[in-house]
Amino acid sequence: MIKNYIKTAWRGLVRNKAFSLINIIGLAVGMTACFIIYIYVSFELSYDNFHSKADRIYRIVADVKTPSETITTQGLTSAPVAINLKRDFPEIEEAVRLARDEYLVRKGDVFFQEKRTVLADSALFGVFDFPLVSGDRKTALKEPMSIVISQTTAKKYFGNADPLGQHLLLTGAAIPSTITGVMKDLPENSQIKADLFVSMSSFKQIYGAPTADSEWTNHGFYTYLQLTPGTDPEKLALKFPGFMEFHHGKQAKELQMQDYLSLEPLHDVYLRSKRDGFVSGNINNVYIFSVIAVFILLIACVNFINLTTARSAERAKEVGIRKVAGAGRAQLARQFMGESVMISLMSFLFSLLLSTLLLPVFNQLAGKTIGATAFFNPWRIFQLFLLSVGVGVAAGMYPSFVLSSFKPVNVLKGQQATGTQRLLLRKGLVVFQFVISIVLIVGTIVVYTQLKYMRNQQLGFNREQTIFINTNFDKNKDAFKQSLATVRGVVSSCYSAFIPGGGNTSAYSELENKSGEMQKTNMDLNFIDFDYVRQYQLRLVAGRGLSADLGTDSTQAMLINETAARSLGYTVPKEAVGKNFSQWGSKGTIVGVLKDFHYQSLQQQIKPLTMRYDKGAFTIISIKLSPENIKETIRGIEHRWRQAIPNRPFEYAFLDKFFDEQYHAEDRFGDLFFNFALLAVFISCLGLLGLSLYSTLQRTKEIGVRKVLGAGVSNIVMLLSAGFLKLVLIAFLIALPVAWLGMNKWLGAFAYRVNIAWWMFASAGLAAVLVAFLTISFQAIKAALANPVKALRSE
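The structure displayed is predicted, hence computed values, not measured ones.

### Looking at the overall build of the chain
- Within the chain, the secondary structure is distributed over 27 helices and 23 strands.
- If you take every contact in the chain between residues at least 6 apart in sequence, the share linking residues at least 24 apart comes to 79%.
- Accessible area for the chain stands at about 36000 Å²; split by element, carbon and sulfur atoms hold 59% of it.

The following block contains the structure:
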């Protein structure tokens, strides 16, 4: 019986090659998109799942409240938090602090600027399951200047030799360190990223300070807690206010600042946290792409249902004869369901091939490194197989019900309804397809408009033709800057602690407000030299810039931005000039107010910013280049670098590209959104092509008669296209509010955003109508150009 079903199904597929091909390709493309999104979503949700104690690991975060009632949310805490929490609460089994940095690392003549370096407590490998290839997990990070490196890092410095017990020199001061462990490269789905862990007890040797263990206001550490089994994290968090009052209450009152601690589950840090971290994802993107995957698969299923029910008249006599021969309705339903599942399984095999070929392309678009092993996992393949069978059953359920319900008497008398029966359902399904497609087209237009807006927005500073180099704290950095004056093509250069787009430190500050009081608050701080304002073409709205001709400007002068002036109560910027400040041990006066500029991403509001001169804090040199012979100029800069700072690699980047890297996540989201929208439109048009093909075949004689009576090609094309285009227009009207609500919510994540304009909807509607018309007209024109004699020959 089953063999007979398979034979019959196969003959039906071969007999109707065009419809079978459209069904198989449509389902295969839909499944491919669904499978790849499934792998992506599974990968995003798998972050940190490889840690055996993940359900007991929490990150402790801080909300810092300042006297101005401003609350700063941070993923970082101060160093003493971890030490004292573990000591005070038996519910905390272990605590680990991590601090990101980058060091110059040397081994003989081999040296690299290691950007993924992390200071970590000795309990790191007890809390997290980062696999060690060699070394003791308990003691590897116990002693000062002990380090654990990844296998890739070991290969860079030692080749195939055993690095355990060997030495590397860290930082510009070339501090000797001992390799006490080698770990496997951290998994891609780890939110903690590091190639080199340095023991936290090395703080004194590296930074010259004894420790940060008593500095409650220095928020520079990611703190992770491992709770004892059965501990309720919510009840534990209720004890934190009393803990902070006991340890930091007196100092907090003096500073008029307060830390509010809370817990984030490790599983939430990557996708759901709104605070800074090593890397971060976006749970909303996971939801969006999951919905897109379901919709694309639904569109493919709709195509199958539409084409199968449209062809019901062709199979009506087959059903009638089978019923006369004794076949029951259930038997016929099983047969048609089997055909559907067969098509689905053929599509499944095709989609596996497509997914394998497209996975590297998807990785490039998504910025991921999801290996083929993540896809060709037996359990995952089995899940996708079951999904395919489910798709076949779901897509074939209604057509099998329709086909098996035909009455043999009516069918054999020729009274069975033709393909126009159940027309309302087919029209509704076409509308559903194009509603989804138009929503995705609108979404694509809005996403790319927002990205273009962010890239073209006036930032308030000049970033063109500028490169920057991290000199760190090298003692010869002044000599390097002076030597640049002799390089042809170098327009100017300046030093700073940070560059636009590169972050800023937050400093406890006391500034005189409009009432004459010293307002205590946290403000962003950047240390700049005397040339910074001029080179970046920052605009002064009051006062003056920092000057090398005034000796006090190197220690007692501050610049603030307009937002900082407003936060102090000054409605007119010039009112802030001459007011007093106290910040990190320095005291003086505000000498100038800068017009607000976007020193951070456009996703964030411009915050209060202070800028001061501090030669010891300069780590980055920005170099303005002439647009002519840039390559030759950079070669000249590199030559001066190797003369002045030979122990560091020459690594530079263009500021405009670096600033735009802040939007890489949005760029990837936009590219993925566009490609999946394209797939949805393609599948919808594939179904439309099948329906137009069938409609044309059904009306062959009508077209022949109309042509004989004088109808032209354009009349025939409009006749065959009008009905479908009406459905697309109805879909457009339904899609409008859906698209507006969805994209308005997405834009809410941006502090500076475009407005959703009418032309975005008009463009999407026009694109949908145009694509639909081209799809339909291909077959319509073919029918209109056919010889009417052939159509009428049988009459």
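### Side note on the pattern of salt bridges
- Tallied over the entire structure, the rule returns 25 salt bridges.
- Connected via shared salt-bridge partners are R59, D63, E264 and R275.

### What to know about the pairing of strand β15 (residues 505-512)
- In the sheet, β15 pairs with strand β16 (residues 518-527) via eight bridges, with the strands oriented antiparallel. The residue of β16 that forms the bridge with Y508 is N522.
- Connecting the antiparallel pair β15 and β16 is a turn made up of five residues, with G516 showing a positive phi of about 90°.
- Here β15 runs beside strand β19 (residues 580-583); their pairing, made up of three bridges, is antiparallel. From the neighbouring strand, L511 faces β19, where its bridge partner is F581.

### Comments concerning unusual backbone geometry
- Backbone geometry places W584, a non-glycine residue, at a positive phi of 50°.
- Tracing the backbone through its elements, the reader meets W584 in the loop between β19 and β20 (586-594).

### A few points about the nonpolar core
- Of all hydrophobic cores here, the largest spans 136 residues; its most connected members are F480, L538, I623, I637 and F676.
- The residues touching F676, leaving out its near neighbours within four places in the chain, are A33, I37, F289, I292, I296, F362 and L440.
- If you look at the next biggest cluster of nonpolar residues, it comprises 26 residues, including A54, L98, V118 and V127.

### Structural notes on a nonpolar patch on the surface
- Together, F350, L353, L357, L358 and V361 give the surface a local cluster of nonpolar side chains, amounting to about 440 Å² of exposed area.
- Given the relative accessible area of 43%, V361 is considered partly exposed.

### Here's the deal with the sheet that holds strand β13 (residues 466-470)
- Judged by pairing direction, the sheet is antiparallel, and its four strands sit side by side in the order β14-β22-β13-β23 without closing on themselves. Of all the strands in the sheet, just β14 (490-496) and β23 (652-654) have a single pairing partner and so form its edges. Between one strand axis and the next, the sheet turns by 25° as a mean value, whatever way the strands run.
- Bridging between β13 and strand β22 (residues 620-625) involves five bridges; their strand directions are antiparallel. Bridging from a neighbouring strand, I467 pairs with I623 of β22.

### Brief notes about empty space enclosed by the protein
- A complete count under the given rule lists three cavities of 30 Å³ or more for this structure.
- The computed volume of the second largest cavity comes to approximately 50 Å³.
- Taken together, I499, P500, N504, N526, Y532, F597, Y599, L609 and M611 form the lining of the second largest cavity.
- Considered class by class, the residues forming the lining of the second largest cavity number seven nonpolar, two polar and no charged.

### Brief notes about the packing of aromatic side chains
- The full count for this structure, using the stated rule, is 39 aromatic pairs.
- When the centroid spacing of 5.7 Å and the interplanar angle of 75° are considered together, the rings of F43 and Y47 count as edge-to-face.
- Y47 gets classed as buried once you look at its relative accessible area, which sits at 5%.
- Residues F461 and Y536 carry aromatic rings whose centres are separated by 6.1 Å and whose planes lie at 70° to one another, so their mutual orientation is edge-to-face. One end of the pair, F461, is in the loop between α16 (423-456) and β13; the other, Y536, is in the loop between α18 (532-535) and β17 (540-543), with 75 residues separating them in the sequence.
- The class of F461 is buried, set by a relative accessible area of 9%.
- Site record: aromatic cluster; members linked through ring pairs are Y40, F289, F362, F669, F673, F676, W746 and F750.

### Here's the deal with the state of the cysteines
- Counting across every chain of the model gives zero disulfides.
- Free of any disulfide, C34 has its nearest neighbouring cysteine sulfur in C301, separated by 9.3 Å.
- Since its relative accessible area comes to 12%, C34 is described here as buried.

### Some details on the side chain of Q433
- Positionally, Q433 belongs in helix α16.
- Owing to a relative accessible area of 2%, Q433 belongs among the buried residues under this scheme.
- Among the polar contacts made by the side chain of Q433, one reaches the main-chain carbonyl oxygen of I299 at a distance of 3.0 Å.
- Q433 has contacts with I299, V302, N303, N306 and S684, leaving out every residue within four places of it along the chain.

### A short note on the environment of S347
- Structurally, S347 can be placed in helix α12 (residues 329-366).
- In this structure, the C-alpha to C-alpha distance between S347 and G392, residues 45 residues apart in sequence, is 9.7 Å.
- Beyond its immediate chain neighbours, meaning those up to four positions away, S347 contacts N23, I24, L27, A28 and M31.

### Section: helix α3 (residues 79-88)
- Buried within α3 are the following residues: A79, P80, V81, A82, N84 and L85.
- Considering only its buried residues, α3 is in contact with β1 (57-65), β3 (77-78), β4 (92-107), β11 (219-227), α8 (240-255) and β12 (258-265).

### Regarding the environment of P131
- As for its placement among the helices and strands, P131 is situated in the loop between α4 (124-127) and β6 (132-135).
- Each C-alpha atom, one on P131 and one on M183, is 5.7 Å from the other, the two residues being 52 residues apart in sequence.
- Sequence-distant contacts of P131, that is, excluding residues within four places in its chain, are made with R137, M183 and K184.

### Structural notes on the confidence of the model for the chain
- Averaged over all residues, the pLDDT of the chain is 85; the fraction at 70 or higher stands at 87%.
- When pLDDT is averaged over each helix and strand of the chain, the minimum, 57, is found for helix α15 (residues 408-412) and the maximum, 97, for strand β18 (residues 557-561).
- Confidence over residues 417-421 falls short of pLDDT 50; this stretch has 11 contacts with residues more than four positions distant or in other chains.

### Structural notes on the pairing of strand β5 (residues 110-120)
- With nine bridges connecting them, β4 and β5 associate as antiparallel partners. Counterpart to Y103 in the pairing with β5 is E114.
- Connecting the antiparallel pair β4 and β5 is a turn made up of two residues, with G108 showing a positive phi of about 65°.
- Direction of pairing for β5 relative to strand β10 (residues 196-199): parallel, over a ladder of four bridges. Bridge pairing in β10 places L119 opposite V198.

What counts, and where the lines are drawn
- Here the residue index of a chain counts from 1 through its sequence in written order.
- For this predicted model, a pLDDT threshold of at least 70 governs which residues receive local features, and a threshold of 80 or more governs which side-chain atom pairs are given and counted, while totals over whole chains, interfaces and linings are taken from all residues.
- In computing side-chain properties, one takes all heavy atoms of the structure into account and sets aside hydrogens as well as water.
- In DSSP terms, a helix is any run of H or I states spanning at least four residues, a strand is any run of E spanning at least two, and both are numbered starting from the N terminus.
- Contacts were defined at the residue level, with two residues in contact if any of their heavy atoms lie within 4.5 Å.
- Computed with a 1.4 Å probe, the accessible areas rest on the Shrake-Rupley method; for each residue, only the protein chains presented here act as cover.
- Throughout this description, the term salt bridge denotes a Lys or Arg side-chain nitrogen within 4 Å of a carboxyl oxygen of Asp or Glu.
- Any two strands between which DSSP finds at least two bridges are classified as paired.
- Within this scheme, the nonpolar core is defined by two criteria: the residues are buried Ala, Val, Leu, Ile, Met, Phe, Trp, Tyr or Cys, and they are joined through side-chain atoms within 4.5 Å.
- Each residue gets one of three labels from its accessible area relative to the maximum for its type: buried under 20%, exposed over 50%, partly exposed in between, using a 1.4 Å probe on protein chains only.
- Patches in this entry comprise residues that are over 30% relatively accessible and not in a salt bridge; like charges within 9 Å are linked, as are nonpolar side chains (Val, Leu, Ile, Met, Phe, Trp, Tyr) within 5 Å.
- Between N-to-C directions, angles cover 0 to 180 degrees, with each direction set by a line fitted to C-alpha atoms, over the stretch in contact for helices.
- A pocket, in this scheme, is an open set of points on a 1 Å grid over the protein atoms alone with protein on both sides within 12 Å along at least 5 of 7 lines, while a cavity is a set where a 1.4 Å probe fits but cannot get out; residues line either one if an atom lies within 4 Å of a point.
- Grid points are joined across faces, edges and corners, and a volume is the space filled by probe spheres set on the points.
- Throughout, the ten residues Ala, Val, Leu, Ile, Met, Phe, Trp, Tyr, Cys and Pro are labelled nonpolar, Asp, Glu, Lys and Arg are labelled charged, and all others, Gly among them, are labelled polar.
- Stacked, tilted and edge-to-face are the three classes assigned to paired rings of Phe, Tyr and Trp, where Trp is represented by its six-membered ring and a pair needs centres within 6.5 Å; plane angles under 30 degrees give stacked, over 60 edge-to-face, the rest tilted.
- Note on terminology: disulfide denotes any pair of cysteine sulfur atoms within 2.5 Å.
- We call two N or O atoms a polar contact when they sit within 3.5 Å, provided that within protein one can donate a hydrogen and the other can accept it, with sequence-adjacent residues counted only if both atoms are side-chain atoms.
- Scored between 0 and 100, pLDDT is the confidence that the predictor attaches to each residue.

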